[in-house]
Amino acid sequence: MVATFRSRLAHIAGAKRSLLTLYVVNDKMTALFMGRFYEHLAKDHQPIAEAFSQTKRDVWLGKLTGIDDPTFTPAFVLFEN
């Protein structure tokens, strides 16, 4: 699996965590997803895994303006090394 390989490369490079996509995701969707993810990290002071899960829930619950189709969220995966 490509994401697993990328995660291993990131680990070798010293990354403790990697947020990857399993397949190509529209740039606008990615920007909205990542923006909300960082909001949860910075404003809400959530741990990384919790912020990631909350962001996915936000998309599925329709809380992100500009995202009409939440089916892209499974493409995002978080690896913690």
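Here the structure is a predicted model, which means the values were calculated and not measured.

Asks: Which parts of the structure should I look at to understand the packing of aromatic side chains?
Replies: Two descriptors summarise a pair of aromatic rings, namely the distance from one centre to the other and the angle between the planes of the rings. Per the counting criterion, the structure on display carries five aromatic pairs. Ring centres 6.4 Å apart and planes at 75 degrees place the aromatic pair F33 and F72 in the edge-to-face group. One end of the pair, F33, is in helix α2 (residues 27-42); the other, F72, is in the loop between α3 (48-60) and β2 (76-80), with 39 residues separating them in the sequence. Accessibility classification places F33 together with F72 in one group, the buried group.

Asks: Help me out: how do you make sense of the side chain of Q46 in this one?
Replies: Following the sequence through the fold, Q46 ends up in the loop between α2 and α3. The exposure class of Q46 is buried, given its relative accessible area of 16%. Ignoring anything within four residues of it in the chain, the contact list for Q46 reads H40, L41, A51 and Q54.

Asks: So what exactly am I meant to see when it comes to the environment of L64 here?
Replies: Here L64 lies in the loop between α3 and β2. Note on L64: relative accessible area 7%, which makes it buried. For the pair L64 and F33, spaced 31 residues apart in sequence, the C-alpha separation works out to 8.1 Å. Discounting residues that sit within four places of it in the chain, L64 has contacts with L32, R36, D58 and V59.

Rules of the game
- Residues numbered from 1 in each chain as written.
- Predicted model: local features only at pLDDT ≥ 70, side-chain atom pairs only at ≥ 80, totals over all residues.
- Heavy atoms only, no water.
- Phe/Tyr/Trp six-rings, centres within 6.5 Å; stacked < 30°, edge-to-face > 60°.
- Helix = DSSP H or I, 4+ residues; strand = E, 2+ residues; numbered from the N terminus.
- Buried < 20%, exposed > 50% of the residue type's maximum accessible area, 1.4 Å probe, protein only.
- Contact = heavy atoms within 4.5 Å.

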